[in-house]
Amino acid sequence: MKKFLLLMVIVLVFFTVDHPMIKEHRDTLLGEGMSVLGETSQLQHSMAAKVARSEIERQLSLSESEHEYIQEALLTNKKLDEFYIRYCEREELNLYFYEDRLAVICDIVQSSLQDKK
């Protein structure tokens, strides 16, 4: 019981004392913890986007810039929805894909969105 109380005191001191030596380590630890939590949350909620990206890469041969664009544009399910509305429904100009290749991507994105629901 004494060890537990001592541990609790140390944890409380770690999070409440604003000494520069402690603050640096606390900020580093909290930053790493928040980034891990953010990545975990993003992975759980972006399965449709992940499926769409892998299917696009399987069906189309992409250049390096196209690959980077797809990775960024379809990073999350929200971005997947935005991509579909912007380029597939509204038919806005996409600087990387057009005509047949864009139609293939739109089909893949649409099927991923339907599978998500």
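Residues numbered from 1 in each chain as written. Predicted model: local features only at pLDDT ≥ 70, side-chain atom pairs only at ≥ 80, totals over all residues. Heavy atoms only, no water.

K.L.:
Mind showing me how you'd approach the pattern of salt bridges here?
P.N.:
A side chain with one charge can pair with a side chain of the opposite charge if their charged atoms come near. Counted by the stated rule, this structure contains 5 salt bridges. K79 is paired through a salt bridge with E72; the nearest N and O atoms lie 2.9 Å apart. Salt-bridge contacts for R86 lead to E92; the nearest nitrogen and oxygen are separated by 2.9 Å. Exposure remark for R86: the relative accessible area of 41% places this residue in the partly exposed category. What makes E92 partly exposed here is its relative accessible area of 30%. Three or more residues are tied together by salt bridges with common partners; here these are R86, R90 and E92. (Salt bridge = Lys/Arg side-chain N within 4 Å of Asp/Glu carboxyl O. Buried < 20%, exposed > 50% of the residue type's maximum accessible area, 1.4 Å probe, protein only.)

K.L.:
Even after reading the chapter, I still don't get helix 4 (residues 64-73), so can you show me in this structure?
P.N.:
Within an α-helix, residues lying three or four positions from one another point in the same direction, as the helix has 3.6 residues per turn. E66, Y69, I70 and A73 are the residues of helix 4 that are buried. For helix 4, the arc enclosing every buried residue in end-on projection is 95°, short of the 170-degree limit, so these residues lie on one face. In this structure, the buried side of helix 4 is in contact with helix 3 (47-59), helix 5 (77-89) and helix 6 (99-116). (Helix = DSSP H or I, 4+ residues; strand = E, 2+ residues; numbered from the N terminus. Arc of directions from axis to C-beta. Contact = heavy atoms within 4.5 Å.)

K.L.:
What is the right way to look at the packing of helix 5 against helix 6 in this model?
P.N.:
The description of two packed helices rests on the angle between their axes and on the distance between the axes. It is the contact of helix 5 with helix 6, at a shortest axis distance of 10 Å, that shows an interaxial angle of 135°. The angle between helix 5 and helix 6 places the two elements in the oblique class. Helix-helix and strand crossings are classified by hand; for helix 5 and helix 6 the assignment is left-handed. Side by side, helix 5 and helix 6 meet where N77, L80, D81, F83, Y84, Y87 and C88 of the first sit next to L102, I105, C106, V109, Q110, S112, L113 and K116 of the second. (Axes fitted to C-alpha atoms, helices over the stretch in contact; angles between N-to-C directions. Parallel < 35°, antiparallel > 145°, perpendicular 65-115°, else oblique. Left-handed = near helix turned anticlockwise from the far one by under 90°.)

K.L.:
In this structure, what is going on with the packing of aromatic side chains? I would like to understand it.
P.N.:
Two numbers describe a pair of aromatic rings. These are the distance of the centres and the angle of the planes. Scanning all chains against the criterion turns up 3 aromatic pairs. Taken together, a centroid distance of 4.3 Å and an interplanar angle of 15° make the contact between Y69 and Y96 stacked. In this pair, Y69 is assigned in helix 4 and Y96 in the loop between helix 5 and helix 6, connecting sequence segments 27 residues apart. Judged by relative accessible area, which is 17%, Y69 ranks as buried. The interplanar angle of 55° and the centroid separation of 5.0 Å between the aromatic rings of F83 and Y87 together place this pair among those described as tilted. Of this pair, F83 and Y87 both sit in helix 5, 4 residues apart, which is roughly one turn of that helix. Grouping residues by exposure puts F83 and Y87 together as buried. Three or more aromatic residues link up through ring pairs in this structure, and these residues are Y69, Y96 and F97. (Phe/Tyr/Trp six-rings, centres within 6.5 Å; stacked < 30°, edge-to-face > 60°.)

K.L.:
Is there a simple way to think about the confidence of the model for the chain in this case?
P.N.:
In low-pLDDT segments, the atomic positions of the prediction should not be examined closely. In the predicted model, the chain carries a mean pLDDT of 84, and 91% of its residues have values of at least 70. Highest mean pLDDT in the chain belongs to helix 5 (92); lowest belongs to helix 2 (residues 20-45) (69). (pLDDT = per-residue confidence, 0-100.)

K.L.:
Would you take a moment to explain a nonpolar patch on the surface for this structure?
P.N.:
Together, M1, F4, L5, L7, M8, V11, F15 and L30 make up an exposed nonpolar region whose accessible area comes to about 800 Å². Among the elements that take part in the nonpolar patch, helix 1 (residues 2-16) stands out by supplying 6 residues, more than any other. Looking at the secondary structure, you find L30 in helix 2. Assessed through its relative accessible area of 40%, L30 is described here as partly exposed. (Patch = residues over 30% accessible without salt bridge, like charges linked within 9 Å, V, L, I, M, F, W, Y side chains within 5 Å. Areas by Shrake-Rupley, 256 points an atom, 1.4 Å probe, with all protein chains shown as cover.)

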